[in-house]
Amino acid sequence: MALLAVNNLTKVFGGLSAVSDFNIELHPGELVGLIGPNGAGKTTVFNLLTGVYEPTEGTIQFNHENIVGLKPYEITQRGMARTFQNIRLFSNLSVLDNVRIAYHTHVKYGLTSAVMRLGNYYKEEEEMTRKAIEFLHIFNLDRKKDEIAKNLPYGEQRRLEIARALAAKPRLLLLDEPAAGMNPQETHELMNLIKWIRDEFKLTILLIEHDMSLVMGACERIYVLEYGMIIAHGTPEEIKSNPRVIEAYLGEEVAHA
Amino acid sequence: MQKILNKRIILTILVLGLLYGSIQNLIVQGKLNPYYEINLLLIGINIMMAVSLNLINGFTGQFSIGHAGFMAVGAYTSAVLTVKLQQPFPLAILAGSLAAALIGFLIGLPTLRLKGDYLAIATLGFGEIIKVVFVNIEYVGGASGLSGIPHITTWNWVFFLTAFTVVFIKNFINSTHGRACISIREDEIAAETMGINTTKYKVMAFTIGAFFAGAAGALYAHYFYIIQPNTFNFLKSIDYLVMVVLGGMGSITGSVLAATALTIISALLQRFAEIRMVIYALLLIVIMLFRPQGLMGNKEFSLSILERLGRGEKHGSVSSK
């Protein structure tokens, strides 16, 4: 049974349909890529899935539940987390606090015990800090836990954003151009990391990416979007040889390969 | 971890106790003349106002400029209870605070959907509406105000409620609920996608801020015998905003410092009432030019600095958190 099933998803901004008749199905444990030229509507799809935008038409079934119309925080609480194309960290907070905020939905102590320092406050805070440092360790950021997020180098900010999304304990992780701005070496490391976290945390991952080596190397299935419509769907091999994709997007790169 | 925290708590209690004891001693011995006492109490009330406003403006990032309105609600509600209904003072303070919190909640629910300048204008409007409502209620004296309020507020009341306000808000900020508020200031969309109900936390910060403004209003009313709607006008809100900005948006100790400093400065300038606002404005311009993040930025002054100094370490003038 599919973890995520999207049917006839359509989003119209004024007279422009950014996404039209978008269908996608993700099964537990899959690592799927979403590619397409600039302005094809990839990020709009993410915004629709996470509730930032409300779809004009169509249904989104997540874990057998219709999530259309839910607020972003309600969707996150149901097990979906994401990163952003233009990094959105809590930039004036420490690296550690960025990750600790992601635990918010799992904290049980209430307002009274927070203010009066009663009950589970100390225990839960300590537990949260310990787990957050564990996550930072996975992403090789634990030594920088007290740094202010905005002072991190670009690549580390990207990694921190993924760590933060993972800390929310999602079942489905949406990555919006995780390798943007990284050099080939960093991209290669990131690719291995993404595969590793998928297995380690039993995640399903949907990622948007422009870096073809990452998409082709990591994803099992790929959807290709152009002008808000899916023009192709298949394994990396099928996509590489699909004439419509070559025409729309991969053109030169595949022709030379 | 637990050990360090306990040591901090003990140190904090020690410092607060020393401060309380020494001033209490001066009052009991009659060495503190009434002029100083008034200003001492005003410092406490202003700290309550500045710290509670900082929770809304500095930590949650929701720019509110109608804080004096909540103070008015607290002042009038408590005064009506003691003057008209002969209720005890503690109950009046509690009722005043709760009434202010309720109004904060009701105002926050629709207005916190607005952002930035729009929210500022809306809160400004609500602050003025509250004032106008009191002007038009004959029961509480209309424009000439409510007089004959018993003089019950003492140094003790002010000290303990101020300490309570500061500790409450500090503990709130250092919890997952406080971090949720701060994350809204940092990036509302990211906060929402990290599972934080941003509307809930914005309204929560607004309500808590209004609650303590109400308490400050109740203390104010029962010290000065009379309250008038005009006391709680737009300029009063600006006074508190100046304290928050001067001290640093997102620094509790900064607000305490700025509230104390500005209360003293405005007491010293009392003889030059006309130029007080000019000097205030100049002060603000100078601060914004040379230290736009405020005196403390978003850092806190903590006792661990003294500890470090004691051990002879030279780095770190202020420690974060």
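Just above, that's the structure.
Procedures and definitions
- Sequence order as written defines the numbering, with residues in each chain counted from 1.
- Written order decides the labels, with chains lettered from A and ligands numbered from 1.
- It should be noted that, the model being predicted, local features are given only for residues of pLDDT at least 70 and side-chain atom pairs only at 80 or more, the latter also being counted only at that level, while totals for whole chains, interfaces and linings use all residues.
- The basis for every side-chain value is the complete set of heavy atoms in the structure, and neither hydrogens nor water enter the calculation.
- Think of it this way: any DSSP run of H or I at least four residues long counts as a helix, any run of E at least two long counts as a strand, and we number them from the N terminus.
- Based on C-alpha atoms, the radius of gyration is set beside the globule rule, defined as 2.2 Å times the residue count to the power 0.38.
- When a residue's accessible area, from a 1.4 Å probe over protein chains only, is under 20% of the maximum for its type it is buried; when over 50% it is exposed; and in between it is partly exposed.
- Between two residues, a contact is recorded if the distance between any of their heavy atoms is within 4.5 Å.
- Per-residue accessibility takes into account occlusion by the displayed protein chains alone, with areas from the Shrake-Rupley method and a 1.4 Å probe.
- Positive charge is attributed to Lys and Arg, negative charge to Asp and Glu, and no charge count is given to His or to the chain ends.
- By convention, charge coordinates are those of NZ in Lys, CZ in Arg, CG in Asp, or CD in Glu.
- Working definition: rings of Phe, Tyr and Trp (its six-membered ring) pair if their centres are within 6.5 Å, and the pair is stacked with planes under 30 degrees apart, edge-to-face with planes over 60 apart, and tilted otherwise.
- Lysine NZ or arginine CZ positioned within 6 Å of the ring centre and within 35 degrees of the ring normal marks a charge as sitting over the ring.
- At least two bridges found by DSSP between two strands are what make those strands a pair.
- Angles run from 0 to 180 degrees between N-to-C directions of axes, and those axes are lines fitted to C-alpha atoms, restricted for helices to the stretch in contact.

## Focus: the overall build of chain B
On a plain count of helices and strands, chain B comes out with 13 helices and zero strands. Start at the N end of chain B and walk to the C end: the helices and strands fall as α-α-α-α-α-α-α-α-α-α-α-α-α. Computed over its C-alpha atoms, the radius of gyration of chain B comes to 20 Å, within 12% of the 20 Å expected for a compact globule of 321 residues. Along the longest, intermediate and shortest principal axes, the C-alpha atoms of chain B span 60 × 55 × 40 Å. When each of the 321 residues of chain B is scored for burial, the buried share is 51%. For chain B, the share of sequence-separated contacts (at least 6 apart) that also reach a separation of at least 24 residues comes to 78%. Carbon and sulfur atoms form 71% of the exposed surface of chain B, whose accessible area is close to 14500 Å². A distance of 9 Å separates the average location of the 22 positive side-chain charges in chain B from that of its 13 negative side-chain charges.

## Here's the deal with the packing of aromatic side chains
For the structure on display, the rule yields 21 aromatic pairs over all chains. Centre to centre, the rings of Tyr121(A) and Tyr122(A) are 5.2 Å apart; their planes meet at 80 degrees, and the pair counts as edge-to-face. Each member of the pair, Tyr121(A) as well as Tyr122(A), is classed as buried. Pairing Tyr220(B) with Phe232(B) gives two aromatic rings, centres 6.0 Å apart and planes at 65 degrees, and the pair type is edge-to-face. Here Tyr220(B) is found in helix H9 (residues 198–221), whereas its partner Phe232(B) is found in the loop between H9 and helix H10 (234–247), with 12 residues between them in sequence. Here the two residues Tyr220(B) and Phe232(B) agree in accessibility, since each one is buried. Across the ring face of Phe84(A), the terminal group of Arg88(A) is positioned such that the distance to the ring centre comes to 5.5 Å. Seen from the ring of Phe90(A), Arg164(A) lies directly overhead, with NZ or CZ sitting 4.7 Å from the centre.

## Quick word on the sheet that holds strand E4 (residues 57–62) of chain A
Adjacent strands of a sheet pair through backbone hydrogen bonds, lying either parallel or antiparallel. Residue and element names in this part refer to chain A. The strand order E2-E1-E4-E5 describes an open sheet built from four strands, whose pairing is antiparallel. Both outer strands of the open sheet, strand E2 (16–26) and strand E5 (65–66), are each paired with one neighbouring strand and no more. Two strands pair when backbone bridges link them, and strand E1 (residues 4–13) and E2 are joined in this way by seven bridges, in the antiparallel orientation. Looking at E2, one finds that Val6 is bridged to Ile24. Across the sheet, helix H1 (residues 42–49) touches E1, E2 and E4, and the angle it forms with E1 is around 115 degrees.

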